[in-house]
Amino acid sequence: MKVYFDNAATTSIDQEVVKTMTDIMQKDFGNPSSVHSHGRHIKSVIEQSRRTVAKILNASPTEIFFTSGGTESDNMALICSVEDLGIRNIISSPIEHPAVLHTLDYLENSGRSEVHYLNIDKDGNVNLTQLDELLSQFPKTLVSLMHANNEIGNILDLQKVSEICRKHDALFHSDTVQSIGHHEFNLKELDIDFITGSAHKFHGPKGVGFIYINKKNKINPFIHGGGQERNMRGGTENVYGIAGLAKALEISAENREKNNKHIRTLKSHMIKELQKNIKDLKFNGISHKEETLYTVLNVSFPCINLADFLLLKMDMKGISASGGSACSSGSIVGSHVLSVVSAEKERPSVRFSFSKHNTLEEVDYVVSVLKEICSE
Ligand code: PLP
């Protein structure tokens, strides 16, 4: 049996999305910047995709810019805030994705901004009282805090953070890569400056994403070149990817409740079965609690002797799951997230992440394999 429980790393592409993309590949080859009919036609595909994304997020189409994915979008939000919006201080957390953490290192090491990291409690929640206090000390601040953590599933209260930021006149960026497609966004109600998305996390193609930039923020081109993406990102657009992203988001939005219910059932079944079958097992952070992202479950296993071989042994039984962060599935490098939350650090940890395609039978199979491995 082959089981894919690594959906926070990437998801399989929906067949309807493949069809949308291949139809365009076969029929439309125009350059969207050309003014003739071939160009105009493909340009309309991009603009229709932008309207679709904007409608689902309740934003204006002029606030959506297509990019190469979550990493580029996060880079753009952080770097453009510093370069174009006068930001000198950034407040973030140590459990952000490397797309944010490494960009912050870059900005700090090049002397362009100072970065302040909030404390994380043992459950993986950021200290919002500290955020409030820090914001009163630092003018011209950008707050960058992810919505749903890709390793332990903690969810940030975006509304609350937005209110704290506005009280102090700070900008607010949230890496929403893991929650787009699973969570309902209303960007006319939520006062936020930047959010980011990546199609391959919601059954779309890889190498395409978007950034929402609140229209209050006027920033300069992030990639210099032609005037594509309303002059923000030069380069001929990834038209197939963009159309695929919009289709995938549309399918996710239409089926959100159904998928949410199904995946929650899988996760709670896995929690129950693991507890029943494997003694002395621990959940990392609060990933087993209802309030976390329903796609992610992070577990530490008692089989200390196996250390890094646990993932390998699972792989040999056809099970794909992940150890470190989403970008380093199978990596034996210690997780920067687990190192700051309550986790059994000496024990092998596995992040299981589910999708709409997973089944209860797969959960039972994975638990039976883990039971066998842990009793060796
Ligand atoms: N942010 C988070 C929270 C992620 O999980 C990922 C992907 O693992 C990214 C950003 C990067 O997205 P992409 O793979 O599209 O560059």
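Undergrad: Before we move on, could you go through the domain arrangement of the chain and cite the residues and values that matter?
TA: Taken as a whole, the chain is organised into domain 1 (3–11 + 255–374) and domain 2 (15–254). Centre-to-centre separation of domain 1 and domain 2, based on C-alpha positions: 27 Å. With 32 residues of domain 1 at the contact, the number on the domain 2 side is 35 residues. Regarding the contact of domain 1 and domain 2, the summed buried area is about 2800 Å², with carbon and sulfur atoms giving 53% of it. The largest per-residue losses of area from domain 1 upon contact with domain 2 belong to Thr-11, Arg-256 and Leu-293, which jointly make up 25% of the total buried on that side. Remark: the boundary between domain 1 and domain 2 carries 0 salt bridges. Our count for the contact surface shared by domain 1 and domain 2 stands at 19 residue pairs in polar contact (both at pLDDT 80 or more).

Undergrad: Can you tell me about the packing of aromatic side chains, naming the residues and giving the values?
TA: The description of two aromatic rings rests on the distance between their centres and on the angle between their planes. Counted according to the given criterion, the structure contains 3 aromatic pairs. Seen in terms of ring centroids, Phe-5 and Phe-352 are 6.4 Å apart; in terms of plane orientation they differ by 90°. Their pairing is edge-to-face. Of this pair, Phe-5 sits in the loop between strand E1 (3–4) and helix H1 (15–27) while Phe-352 sits in strand E12 (residues 349–353), and the two are 347 residues apart along the sequence. Among the aromatic side chains, those forming a connected cluster through ring pairs are Phe-5, Phe-301, Phe-352 and Phe-354.

Undergrad: Give me the nonpolar core: which residues, what numbers.
TA: Of all hydrophobic cores here, the largest spans 55 residues; its most connected members are Leu-131 and Val-143. Of all the secondary structure elements, the ones that give two or more residues to this core are H1, helix H2 (37–57), strand E2 (64–67), helix H5 (128–137), helix H6 (158–167), strand E8 (209–213) and helix H8 (239–254). For this core, the leading source of residues is H8, giving 8 residues. Residue contributions to this core reach at least three from each of two domains, namely domain 1 (3–11 + 255–374) and domain 2 (15–254). Of all hydrophobic cores here, the second largest spans 30 residues; its members include Ile-263, Leu-281, Val-350 and Val-367.

Undergrad: Quick one: what's the story with the pattern of salt bridges, residue by residue and with numbers?
TA: A complete count under the given rule lists 22 salt bridges for this structure. Lys-19 is the partner of Asp-23 in a salt bridge, and the nearest nitrogen-oxygen pair spans 2.9 Å. Residue Asp-23 and its partner Lys-19 are located together in helix H1, separated by 4 residues, close to a single helical turn. Taking relative accessible area as the criterion, Asp-23 reaches 24% and is therefore assigned partly exposed. Note that Glu-273 and Lys-276 form a salt bridge whose closest N and O atoms lie 3.1 Å from each other. Of this pair, Glu-273 and Lys-276 both sit in helix H9 (residues 256–277), 3 residues apart, which is roughly one turn of that helix. Note on Glu-273: relative accessible area 13%, which makes it buried. One network of salt bridges, in which partners are shared, links Lys-43, Glu-47, Arg-50 and Glu-229.

Undergrad: Kindly report on the side chain of Asn-7, identifying the contributing residues and their values.
TA: Mapped onto the fold, Asn-7 is located in the loop between E1 and H1. Side-chain polar atoms of Asn-7 contact the backbone oxygen of Tyr-4, separated by 3.4 Å. Engagement of the side chain of Asn-7 in a polar contact is seen with the side chain of Asn-358, the distance being 3.3 Å. Apart from the residues lying within four places of it in its own chain, the contact partners of Asn-7 are Ser-353, Phe-354, Ser-355 and Asn-358.

Rules of the game
Residues numbered from 1 in each chain as written. Predicted model: local features only at pLDDT ≥ 70, side-chain atom pairs only at ≥ 80, totals over all residues. Heavy atoms only, no water. Domains from an automatic or database assignment. Contact = heavy atoms within 4.5 Å. Buried area = accessible area lost by both parts, 1.4 Å probe. Salt bridge = Lys/Arg side-chain N within 4 Å of Asp/Glu carboxyl O. Polar contact = N/O pair within 3.5 Å; in protein donor to acceptor, adjacent residues only side chain to side chain. Phe/Tyr/Trp six-rings, centres within 6.5 Å; stacked < 30°, edge-to-face > 60°. Helix = DSSP H or I, 4+ residues; strand = E, 2+ residues; numbered from the N terminus. Core = buried A, V, L, I, M, F, W, Y, C linked by side-chain atoms within 4.5 Å. Buried < 20%, exposed > 50% of the residue type's maximum accessible area, 1.4 Å probe, protein only.

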